[in-house]
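Secondary and tertiary structure notes
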Amino acid sequence: MRTKPCHRHTWAEVHLDRIGHNIREIRRRLPSGVKFMAAVKADGYGHGAVQSANAALKAGADALAVGMISEALQLRQSGIRAPILVLSPALPSEVDLAAKHDIALTVSEAAWLKEARPFHQSRKPLRLHIKMDSGMGRIGIRDRSEWEAMVPLLRSDGIMVEGVYTHFATANQADSAYYFEQFDRFTEMRSWVAESGFTGFIAHCSNSAAALHYPELSLDMVRVGAALYGINPCEEEVRRRRPVDLQPVLSLHSEIIQVKFVKQGESIGYDRSYVATQDEWLGTVAIGYADGYCKGYQGYHMLVDGQAAPIAGNVCMDLLMIRLPGHYPVGTVVTLIGRQNGREITMEDLAARIGSIPQQVLTMLSSRVPRIYYNKGIYAGTADSHSLSAVTS
Ligand SMILES: *Cc1c(COP(=O)(O)O)cnc(C)c1O
């Protein structure tokens, strides 16, 4: 067994080369010349933003997307110089910081632009992507008058209209009707921009689902997040029609830190939530809901020695108990997401337990879980904001 290069009994392994593999798998399906923007928001969907961004850039990604300015600054501070787009509206007062660091922002209404203009002091241009709401109903302009209200503000000095984009609500679904409604609406909407005399901007619309389902309609650039990390958000029928070999990047492991033999009828956990139905071995595992292993996984199992070990009772904040298939020593590795001796628990399995999606399973993993990086199986560093050296320095 590999020794783990972190101080904790619980850790996530992140195989960065698989981000590269997934990018190549997606890109092979796109028309040539389509740019690839890798979404690394929410700490790279839980994998580590800087590490994921660098892996994506190394695999040929052209640009990065984040959710907030602070996430963009974190990438810049690490030395990343690739184009970055902030997808959610920034505070108007933050635009100068964005300009200074060559961070492109999303503009989704004229009022925001009006408020933001005076904050832009830098001589560097304010890079903007216009967000069109073609049917997602989240952010963006919906009709031409909203566009016309923006035009004079966009024409002012120091503003660069770099892109125009939209977001799909149903690209993952086998039923294409609403996707095409949105696509056609966006075709019309982006013609407004050209008709107002803007040139040299790019148009983009595809998230992972759209890039996989409708690769030929990728326009100038795709914005891919989930699929980078091995998640295929498409419905079963779409996956069958558009097969793609996406590999999960992250696996989650912990250790048994105490082993006990309990007699039939003895109880375990808060509220005596488990009562032993027979004499059996139980193990305490060093992971809990504060690590992002949420209480909703109660009743599910993890892998010990390649066998399913059911969770006994409720998940505590730092710890949980499992039923063991026999006696195992303290220090035995437990796999919560990933493979062990030919058996596998996927992030999709855990998501299904809580009526959610794999993206949430991953982004819930808290900063208490050290991320240990590998590149083609070779150790490539540890990120751990709670390591003893991190908290004592
Ligand atoms: C997060 C996000 C993406 C990436 O979506 P995935 O489904 O993870 O590929 C693309 N565009 C926007 C606007 C987003 O917020």
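The structure displayed is predicted, hence computed values, not measured ones. (Residues numbered from 1 in each chain as written. Predicted model: local features only at pLDDT ≥ 70, side-chain atom pairs only at ≥ 80, totals over all residues. Heavy atoms only, no water.)

Our next topic: the overall build of the chain. Scanning the chain from terminus to terminus reveals 13 helices and 20 strands. In summary, the chain has a C-alpha radius of gyration of 24 Å against a globular reference of 21 Å for 393 residues, a match within 12%. Across its three principal axes, the chain shows a C-alpha extent of roughly 80 × 50 × 40 Å. For the chain, buried positions account for 53% of its 393 residues. Summing over all exposed atoms, the chain offers an accessible surface of approximately 17200 Å²; the carbon and sulfur share of this is 50%. A gap of 4 Å separates the mean positions of the 42 positive and 40 negative side-chain charges of the chain. (Helix = DSSP H or I, 4+ residues; strand = E, 2+ residues; numbered from the N terminus. Rg over C-alpha atoms; globule rule 2.2 N^0.38 Å. Buried < 20%, exposed > 50% of the residue type's maximum accessible area, 1.4 Å probe, protein only. Areas by Shrake-Rupley, 256 points an atom, 1.4 Å probe, with all protein chains shown as cover. Lys, Arg positive; Asp, Glu negative; His and termini not counted. Charge placed at Lys NZ, Arg CZ, Asp CG, Glu CD.)

Moving on: helix H8 (residues 177–195). Every α-helix winds through 3.6 residues per turn, so residues three or four apart in the chain are directed the same way. For H8, built from 19 residues, the straight-helix expectation of 27 Å at 1.5 Å per residue is met to within 8% by its first-to-last C-alpha distance of 28 Å. For H8, the set of buried residues is Tyr-179, Gln-182, Phe-183, Phe-186, Met-189, Trp-192 and Val-193. Looking straight down H8, one finds its buried side chains confined to an arc of 165°; they lie on one side. Exposed and oriented more than 90 degrees from the buried face of H8 are Ala-177, Glu-181 and Glu-195. Of the surrounding secondary structure, the elements contacted by the buried residues of H8 are helix H7 (144–154), strand S7 (159–165), strand S8 (202–206) and helix H9 (208–213). (Expected span 1.5 Å × (residues − 1). Arc of directions from axis to C-beta. Contact = heavy atoms within 4.5 Å.)

Looking now at the domain arrangement of the chain. Domain boundaries assigned for the chain yield domain 1 (31–241) and domain 2 (250–392). Computed over C-alpha atoms, the centres of domain 1 and domain 2 are 36 Å apart. On the domain 2 side, the residues contacting the eleven residues of domain 1 number eleven residues. Summed over both sides, the interface between domain 1 and domain 2 buries roughly 900 Å², with carbon and sulfur atoms accounting for 60% of that surface. For the interface between domain 1 and domain 2, the tally reads zero salt bridges. Every element with two or more residues in the side of domain 1 that touches domain 2 is listed here: helix H2 (41–45) and helix H3 (49–58). (Domains from an automatic or database assignment. Buried area = accessible area lost by both parts, 1.4 Å probe. Salt bridge = Lys/Arg side-chain N within 4 Å of Asp/Glu carboxyl O.)

In this section: the nonpolar core. Leu-105 and Tyr-293 are the most contacted members of the largest nonpolar core, which has 123 residues in total. No other element matches the six residues that H8 contributes to this core. Counting contributing residues, this core receives three or more from each of domain 1 (31–241) and domain 2 (250–392). Setting aside residues up to four positions removed in sequence, Tyr-293 forms contacts with Leu-252, Ile-287, Gly-288, His-301, Met-302, Ile-311, Val-315, Leu-320, Leu-336 and Leu-350. Listed in part, the seven residues of the second largest apolar core include Ala-276, Leu-282, Ala-312 and Met-321. (Core = buried A, V, L, I, M, F, W, Y, C linked by side-chain atoms within 4.5 Å.)

Moving on: H7. Restricting attention to buried positions, one finds in H7 the residues Trp-147, Met-150, Val-151, Leu-153 and Leu-154. When H7 is viewed along its axis, its buried side chains cluster within an angular range of 170° and face the same direction. Opposite its buried face, H7 presents the exposed residues Ser-145 and Pro-152, each directed more than 90 degrees away. Buried-residue contacts for H7 involve strand S5 (103–107), helix H6 (110–116), strand S6 (126–131), S7 and H8.

Glancing now at the sheet that holds strand S3 (residues 63–66). One closed barrel accounts for eight strands, arranged S2-S3-S4-S5-S6-S7-S8-S9; its pairing is parallel. Looking at each pair of strands side by side, their axes are set apart by 30° on average, direction ignored. One ladder, built from three bridges, connects S7 with S8; its direction is parallel. Counterpart to Gly-163 in the pairing with S8 is Ile-202. Strands in contact with H7 are S5, S6 and S7; relative to S6, the strand with the most contacts, it is inclined by about 170°. (Pairing = 2+ DSSP bridges. Axes fitted to C-alpha atoms, helices over the stretch in contact; angles between N-to-C directions.)

Right, let's talk about the site of the ligand for a bit. The environment of the ligand is made up of Lys-41, Tyr-45, Leu-87, Arg-138, His-167, Asn-207, Ser-208, Arg-223, Val-224, Gly-225 and Ala-226. In the environment of the ligand, an oxygen atom lies 2.5 Å from a nitrogen or oxygen atom belonging to the side chain of Tyr-45. Side-chain polar atom of Ser-208 to an oxygen atom of the ligand: 2.5 Å apart, as the coordinates give it. Alone, the ligand offers 390 Å² of accessible surface; in the complex the protein occludes 89% of this. Secondary-structure elements contributing two or more residues to the shell around the ligand are H2 and strand S9 (221–224). (Near = heavy atom within 4 Å. Polar contact = N/O pair within 3.5 Å; in protein donor to acceptor, adjacent residues only side chain to side chain.)

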